[in-house]
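Reading the structure
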Amino acid sequence: MDTELLRTFLEVTKTRHFGRAADNLYLTQSAVSFRIRQLESQLGNALFSRQRGNVHLTAAGERLQPYAEAILQTWSRARQDVALSDSRNNQITLGASALVWEFDGLSDWISRIYGAIPELALRLETVPRQAQAKQILNKSLDVVITSEPPKIDDLMVNKVRDYQLQLVCHQSDCSMADIKDFPLIYLDWGTRFAVDHSRINELQKTPILHTHSSKMALEHLLNNGGVGYLPSPVIAHSVESGELHLVNHAPVMEQSLYLVWRDDNEKVELLNSLLDVAFSEVSERV
């Protein structure tokens, strides 16, 4: 199958407009329409419903979308792997959620990996937590960094650092009693965090911001005030500078980061070498 047909299909899916898809792909609109017709002919199904400028996926198009994304992702990785030079002949595909990639110190860890393994080529992917186990098992990813390692027998789980989720607010010397009146910022940190959070009576209210981005949560707290749990590496600087304050006597949630990969991965020696590159410790105030 021509991967350009799939690329065009995904662009029309994203823009819901043949003209805008054509502009983004530097093609004419007729060329985009021709590619979509080719793809529909190959698959024997209409992929889009076109009604006076309202372009949307058919049921067949919705079924194709995840396959198209996976095929293009795999093809891109294959091209990179085949094209590796003799001087950089080892590639690792490393995945993490957007939350984990926002950790302070992670970019320094990546830099130290290059220093420790100079022949390495890294491919970094942003992958939702719920998709990580599947992508490791189907070898789309070599390794993931996660705070919630999947409980699957065929996976190697290696803890690489500890950290905490701490309750912070905009007001100095605030207590658990004070925060009942503060707007709640809820950082979605996964199932375990959700359970622990639900046990804190003072935080059982509708959040004014529910986000998967720790940096967005931090910026909102700094600019607008409120209360919420954030990872210690993310808030360390703001707490040290006095911009945010730890809530007195608030429960602290202990967390860890793990590297996870298949135990039969053919790059296991290379993956093990990642464990020798320590994460930098960000100064934390508890």
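- Going by what an unreviewed UniProt entry lists, the chain is known as Transcriptional regulator and is assigned to Photobacterium halotolerans.
- The UniProt entry for the chain carries the following comment under Sequence similarities (unreviewed entry): "Belongs to the LysR transcriptional regulatory family."

1. Quick notes on helix α10 (residues 232-241)
- Counting buried positions along α10 gives seven out of ten residues, so the element sits mostly inside the fold.
- Of the residues making up α10, those classed as buried are Ser 232, Pro 233, Val 234, Ile 235, Ala 236, Ser 238 and Val 239.
- Packing partners of the buried residues in α10 comprise β6 (155-169), α9 (214-224), β9 (227-231) and β10 (245-246).
- Remark: Gly 242 follows α10 within two positions and exhibits a positive phi of approximately 85 degrees.

2. Regarding the layout of surface pockets
- Its boundaries defined by the atoms lining it, the largest pocket holds a volume of some 300 Å³.
- Lining the largest pocket, in full, are Pro 66, Tyr 67, Glu 69, Ala 70, Gln 73, Thr 74, Ala 131, Lys 134, Gln 135, Asn 138 and Ser 140.
- Looking at the lining of the largest pocket, the element that brings in the most residues is helix α4 (residues 59-82), giving six residues.
- In terms of residue class, the lining of the largest pocket is made up of four nonpolar, five polar and two charged.
- Each of two domains, domain 1 (3-83) and domain 2 (91-160 + 257-276), supplies a minimum of three residues to the lining of the largest pocket.

3. Topic: the packing of helix α2 (residues 18-25) against helix α3 (residues 29-43)
- Running from N to C, α2 and α3 point in directions that differ by 105 degrees, and their axes come no closer than 8 Å. In terms of orientation, α2 lies roughly perpendicular with respect to α3. Residue-level inspection shows Phe 18, Gly 19, Ala 21 and Ala 22 of α2 in contact with α3, the latter providing Gln 29, Val 32, Ser 33 and Ile 36.
- Partitioning the contact of α2 with α3 into residue classes produces five nonpolar, three polar and no charged.

4. Details of empty space enclosed by the protein
- Under the defined criterion, the tally for this structure stands at two cavities of 30 Å³ or more.
- By volume, the largest cavity is sized at about 40 Å³.
- Along the walls of the largest cavity sit Ser 97, Leu 99, Val 100, Arg 129, Gln 132, Thr 146, Ser 147 and Trp 189, which together make up its complete lining.
- Those elements that provide at least two residues to the lining of the largest cavity are α5 (98-101) and α7 (129-137).

5. Examining the pattern of salt bridges
- According to the stated counting rule, one finds ten salt bridges in the structure shown.
- One salt bridge in this structure joins Arg 35 and Glu 4, with 3.8 Å as the shortest N-O distance. In this pair, Arg 35 is assigned in helix α3 and Glu 4 in helix α1 (residues 3-15), connecting sequence segments 31 residues apart.
- Through salt bridges with shared partners, a single network forms among Glu 4, Arg 7 and Arg 35.

6. A few points about the environment of Gln 164
- Among the secondary structure elements, Gln 164 is positioned in strand β6.
- There is a polar contact of 3.4 Å between the side chain of Gln 164 and the side chain of Gln 166.
- There is a polar contact of 2.9 Å between the side chain of Gln 164 and the side chain of Glu 254.

7. Here's the deal with unusual backbone geometry
- Positive phi, close to 60 degrees, is recorded for Tyr 26, a residue that is not glycine.
- Along the chain, the position of Tyr 26 falls in the loop between α2 and α3.
- On the basis of relative accessible area, Tyr 26 is assigned to the exposed category, the value being 77%.

8. Some details on the confidence of the model for the chain
- For the chain, the average pLDDT comes to 86, and 93% of its residues sit at 70 or higher.
- Of the regions scoring below 50 in pLDDT, residues 85-89 engages in eight contacts with residues more than four places distant in sequence or in other chains.

9. Concerning the state of the cysteines
- Within this structure, the stated rule accounts for one disulfide.
- Residue pairing for Cys 169: its cysteine sulfur links by disulfide to Cys 174, the two sulfurs lying 2.1 Å apart. In this structure the cystine formed by Cys 169 and Cys 174 twists about its S-S bond by roughly -95 degrees; its chirality is therefore left-handed.

Conventions used here
Residues numbered from 1 in each chain as written. Predicted model: local features only at pLDDT ≥ 70, side-chain atom pairs only at ≥ 80, totals over all residues. Heavy atoms only, no water. UniProt positions renumbered as here; feature names shortened; annotations may be inferred. Buried < 20%, exposed > 50% of the residue type's maximum accessible area, 1.4 Å probe, protein only. Helix = DSSP H or I, 4+ residues; strand = E, 2+ residues; numbered from the N terminus. Contact = heavy atoms within 4.5 Å. 1 Å grid on protein atoms, 1.4 Å probe; cavity = no way out; pocket = protein on both sides within 12 Å on 5 of 7 lines; lining within 4 Å. Points joined across faces, edges and corners; volume = space filled by probe spheres on them. Nonpolar A, V, L, I, M, F, W, Y, C, P; charged D, E, K, R; others polar. Domains from an automatic or database assignment. Axes fitted to C-alpha atoms, helices over the stretch in contact; angles between N-to-C directions. Parallel < 35°, antiparallel > 145°, perpendicular 65-115°, else oblique. Salt bridge = Lys/Arg side-chain N within 4 Å of Asp/Glu carboxyl O. Polar contact = N/O pair within 3.5 Å; in protein donor to acceptor, adjacent residues only side chain to side chain. pLDDT = per-residue confidence, 0-100. Disulfide = S-S within 2.5 Å.

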